[in-house]
Amino acid sequence: MIENVKQNYLTHPKGIMSWLLTLDHKRIGLMYLVSGILFFFMGGLLALGMRLELAAPGNDFISSEQYNNIYTLHGAIMIFLFIIPAIPGALGNILLPLMVGAKDVAFPRLNLASFYIYSFGALFALYTIVNGGVDTGWTFYTPYSTQSSSNVVPMTLGIFIIGFSSILTGLNFIATVHKMRIPGLTWYKLPLFVWALYGTSLVQITATPVLAITMVLLMLERFLGIGIFDPALGGDPVLYQHFFWFYSHPAVYIMILPAFGIISEIIPVHSRKKIWGYKFIAYSTLSIAFIGFLVWGHHMFTSGQSVFSQIVFSFITYFVGIPTGVKIFSWILTMYKGQVSFTPPMIYALSFLFLFTIGGLTGIFLGAVALDIHLHDTYFVVAHFHYVMQGGTIVAFLGGLHHWWPKSFGTMYNQTIANICAFGVFLGFNGTFFPQFLLGLRGMPRRYATYSEQFVELHSYSTFWSGILGFSIFFAIVNLFWSFMKRNKVDPGSNPWGGMSLEWTHTSSPPHPHNFETDPVFEHGPYDYDKVIVEKTYKK
Amino acid sequence: MFDWLTEFFFPKQVSTFASDIDNLFYFIFYSSLVLFLIVVIGMVYLSIKYRARKDEPLRLTSSKDHSNLLESLFFIIPLILVSITFVWGIRSYLKMVIVPDDAIEIKVTGVSWFWTFDYPDGGQTLNELVVPSNTPVKLVLSSKDVLHSFFIPVMRSKMDCLPNRYNVMWFDATKEGVYDIFCTEYCGTGHSAMGAQVIVMKPAQYEEWASELGADDDSIPLDELGARLYTQKACNTCHTEDGSALVGPSFLQTSQMYEQERVFDDGTSSVIDDNYVRSSILEPQTQIVAGYQGVMPTYQGLLNDRELDALIAYIKSLDGDSQI
């Protein structure tokens, strides 16, 4: 344990320039975290606006145009400005070098560049919002997006730019995992969060260029009238869907793999138990990343693609499901013969298992072609991907924040409030999205600003619970930042959950500007709860 | 399976393949429910059984981290279930794509934001698809502008409509009635109002209906015919009768402003008269009322002269104080 630490990265060095020009991965991570959460709140408010409009049929609160703008911005902000950049950008940046025992990521300057590219891209998105929005849906399907008079170009340009930030971060992480591990920390001794970030990074650098090319082609078509996707110019709108989903399906794994990594850390630490099936979880991360590239066609089951393609895409889709399923069983079995504490991170992890299992299983319904044809583009799909993206990724992200908060920022939040908010998120989430499965089965199409009377009951139910969900998430995050404002400091050597990976055992809280005061020596694996007892140390 | 359950989850089953698809749903639903319960019960049981007791000292925990038997089961059981699902999904799907030879063919066209239906013996309807029961019906779908998707929940069928390309779907309706049609591919402002209805009739009744289709009904007064066309031709998607603005200006406003100047978005203006209304229906992009977007499609070819006269008469009749 390290005592009497005088310096930490938050207070040393001082001054605004030391933040703006910082090369410290932890500071860059914190900047990603703050900007990510701002966009998360923005996207969340838009979502509540939609739910308010949908509480009753008819345009009683906003017009159809406004609704179309709001749902497009909700999707685009949540995906491109929050989920994709924020989890690797915030938790990944702060933790990856600490976990492998490095002083920083492999290319610190590139890391800062990544953040500024992200911010620059985000400016285009903000410009889109103040300039009247964009109404094409986050998918930008042609020919609507080539004809729409809204801000398609600024938004796609923003996404194009943010893509580079994604690629550079991925590159940085891959180099860091390969080259910066301390001696003794072999691949199979790495915390699984590192494996998850590694898998994510591989997808980021291979898939994102395809999105960038697609966005460039879309802009070329709008500016120069070159017919690529618009049939009026001799293009092919289905080609656009192939290009788009060739990126956007792997992007689902960019979003969910880090969440798998977070859960693989939280459950063993809070159960004080060696993780079940380490190698399986590690390899399934890579295989999911790979198979994720081969299933994009299941987004196009009603587009009129050939029967043969339908069969092949349906078949491969199930191959993603199986390793994911075994992962869930491994996480549950990890608790066997452990010492489970119901701390806030653990509550989030357990609710992740509940919600993500529903998200995963409802994917099986959508993978069956005959059934998907009925469910395609209905609220069933909306509910399914929210169970995966919010119930999965965002719940895991909140769990990860609560898990590493005392480590990253040296302060402890109020754990009772955190637990109450975690329950609120769980209840509010199910209340909001479970009725949407029924809506979809009964035939309610998605992206509708108004709807017929038969759907009123379920919609108003969903709206009611979305308020509870919104409040819970808001207070959960306020509770975290409040501990920071209140300077509710933990002891610098603090390891409140008894974690065993390097960030818990070899650094102070918050960490030293150079991470480790002396070169860390590898002593035990991240999950060796059967070999070594690491005390839980936590003092206010 | 159980009727009340079907009513709870799904709309009515009207096509021949609907019950097969619903049964596939129940198969996945019950298998998923079992897997889900294993996950949740396992999670709750293990976390409570092995919870850390109060003031229990930290101890070295079990090193057990794998079990070949359990892992094989977790691999094999889901594999069997998804294999059944996959094969079932494909078999049912093939029934949905192989169109019987004796199907009658109806051409479906999506236009922002209404549907037109062209029948084999001539004649066209708008937002009302009329089909005979117990007869295979093949729909050939395309779009005039952006993507649309043609969804009939009771038939459990759906297909995208693309410009410059034809997609095909078919169904064989088993029950007479009137059912909803939705557009499920986002197509702009009027997307959520782009609904239509499918009317399933007995074959004899359909024959009679089809033979009358296209014949003018001269007996109805013009303004009554116009009122009927107002909903039949989907004017009501964008134009209200009560003065409130939707996508386009309200017909009531147009009626009240008859013989008065109307300002357009390019700064020009014109007096509202019968010619203005006629050209606004046939060439909607030439004069766009200030404050609105030029998004209306042309009705050229969709309305005959008498129908145009009827709509003009109907719009004029909306304003009670009008002298006309």
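Residues numbered from 1 in each chain as written. Chains lettered and ligands numbered in written order. Predicted model: local features only at pLDDT ≥ 70, side-chain atom pairs only at ≥ 80, totals over all residues.

*Asks:* Lay out the overall build of chain B in plain terms, naming residues and giving numbers.
*Replies:* When helices and strands are tallied, chain B shows eight helices and twelve strands. Relative to the 2.2 N^0.38 estimate, which gives 20 Å for 324 residues, the radius of gyration of chain B is 28 Å and therefore markedly larger than a compact globule would have. For chain B, the spread of C-alpha atoms along the principal axes amounts to about 95 × 55 × 35 Å. Residues counted as buried form 37% of the 324 residues belonging to chain B. Sequence-distant contacts, at least 24 apart, represent 66% of the contacts inside chain B between residues at least 6 apart. (Helix = DSSP H or I, 4+ residues; strand = E, 2+ residues; numbered from the N terminus. Rg over C-alpha atoms; globule rule 2.2 N^0.38 Å. Buried ≥ 20, exposed ≤ 12 C-beta atoms within 10 Å, placed from the backbone. Contact = placed C-beta atoms within 7 Å.)

*Asks:* Tell me about the sheet that holds strand S8 (residues 167–172) of chain B, and name the residues and values.
*Replies:* Residues and elements named next belong to chain B. With mixed pairing, five strands are arranged side by side in an open sheet as S3-S2-S1-S5-S8. Each edge of the open sheet carries a strand with a single partner, namely strand S3 (124–126) and S8. The sheet shows a mean angle of 25° between the axes of neighbouring strands, direction not considered. The pairing of strand S1 (residues 104–111) with strand S5 (residues 136–143) spans seven bridges and is classified as parallel. Across the sheet, the residue bridging to threonine 109 is serine 142, located in S5. (Pairing = 2+ DSSP bridges. Axes fitted to C-alpha atoms, helices over the stretch in contact; angles between N-to-C directions.)

*Asks:* Give a description of helix H3 (residues 68–97) of chain B that names residues and reports values.
*Replies:* Because each turn of an α-helix spans 3.6 residues, side chains separated by three or four positions in sequence point in the same direction. In this model, H3(B) (30 residues) spans 43 Å end to end at C-alpha, consistent with the 44 Å of a helix rising 1.5 Å per residue. Every buried residue of H3(B) is listed here: B:Phe74, B:Pro78, B:Leu81, B:Val82, B:Thr85, B:Trp88, B:Gly89, B:Ser92, B:Tyr93 and B:Met96. Looking at the packing, one finds that the buried side of H3(B) touches helix H10 (307–334), helix H11 (344–367) and helix H12 (369–375) of chain A together with helix H2 (18–49) and strand S7 (157–161) of chain B. (Expected span 1.5 Å × (residues − 1).)

*Asks:* Requested: an account of the nonpolar core, with residues and values cited.
*Replies:* Judged by nonpolar contacts, the single largest core of 234 residues is most densely connected at A:Val194, A:Ile263, A:Ile332, A:Leu353 and A:Val425. Take this core: its biggest share by element is 23 residues, from helix H3 (residues 64–100) of chain A. Shared between two domains, this core holds at least three residues of each, these being domain 1 (3–46 + 67–97) and domain 2 (104–212) of chain B. When sequence neighbours within four positions are dropped, the list of residues in contact with A:Ile332 reads A:Leu353, B:Val39, B:Gly42, B:Met43 and B:Leu46. Counting residues in hydrophobic clusters, the runner-up holds eleven residues, among them B:Phe251, B:Val277, B:Ile312 and B:Tyr314. (Core = buried A, V, L, I, M, F, W, Y, C linked by C-beta atoms within 7 Å. Domains from an automatic or database assignment.)

*Asks:* Please set out the interface of chain B and chain A residue by residue, giving values where relevant.
*Replies:* When the parts of a complex come together, some accessible area is lost, and that lost area is often used as the size of the interface. Counting residues at the interface gives 68 residues for chain B and 74 residues for chain A. Secondary-structure elements contributing two or more residues to the side of chain B that touches chain A are H2, H3, strand S6 (148–152), S7 and strand S9 (177–183) of chain B. Take the side of chain B that touches chain A: its biggest share by element is 15 residues, from H3(B). Each residue belonging to the side of chain B that touches chain A can be placed in one class, and the counts come to 39 nonpolar, 19 polar and ten charged. (Nonpolar A, V, L, I, M, F, W, Y, C, P; charged D, E, K, R; others polar.)

*Asks:* Just give me the short version of unusual backbone geometry, but keep the residues and values in it.
*Replies:* Here A:His12 and A:Pro13 are connected by a cis peptide whose omega angle stands at -5°. With respect to the helices and strands, the residue A:Pro13 is situated in the segment before helix H1 (16–20). One non-glycine residue, B:Asp55, adopts positive backbone phi at about 60°. Looking at where B:Asp55 falls in the secondary structure, it is placed in the loop between H2 and H3. A positive phi is found at B:Asn164, a non-glycine position, where the angle reads about 60°. If you trace the backbone, B:Asn164 turns up in the loop between S7 and S8. When the 14 C-beta atoms within 10 Å are taken as the criterion, B:Asn164 is described as partly exposed.

*Asks:* Could you give an account of the pairing of strand S10 (residues 196–201) of chain B, with specific residues and numbers?
*Replies:* Residue and element names in this part refer to chain B. Burial along S10 is one-sided: Ala196, Val198 and Val200 are buried, while Gln197, Ile199 and Met201, pointing the other way, are not. Inspection of the sheet shows strand S4 (residues 128–132) paired to S10 by five bridges, in the parallel sense. Of the residues in S10, the one forming a bridge with proline 132 is methionine 201.

Read these as spatial facts, not as claims about activity.
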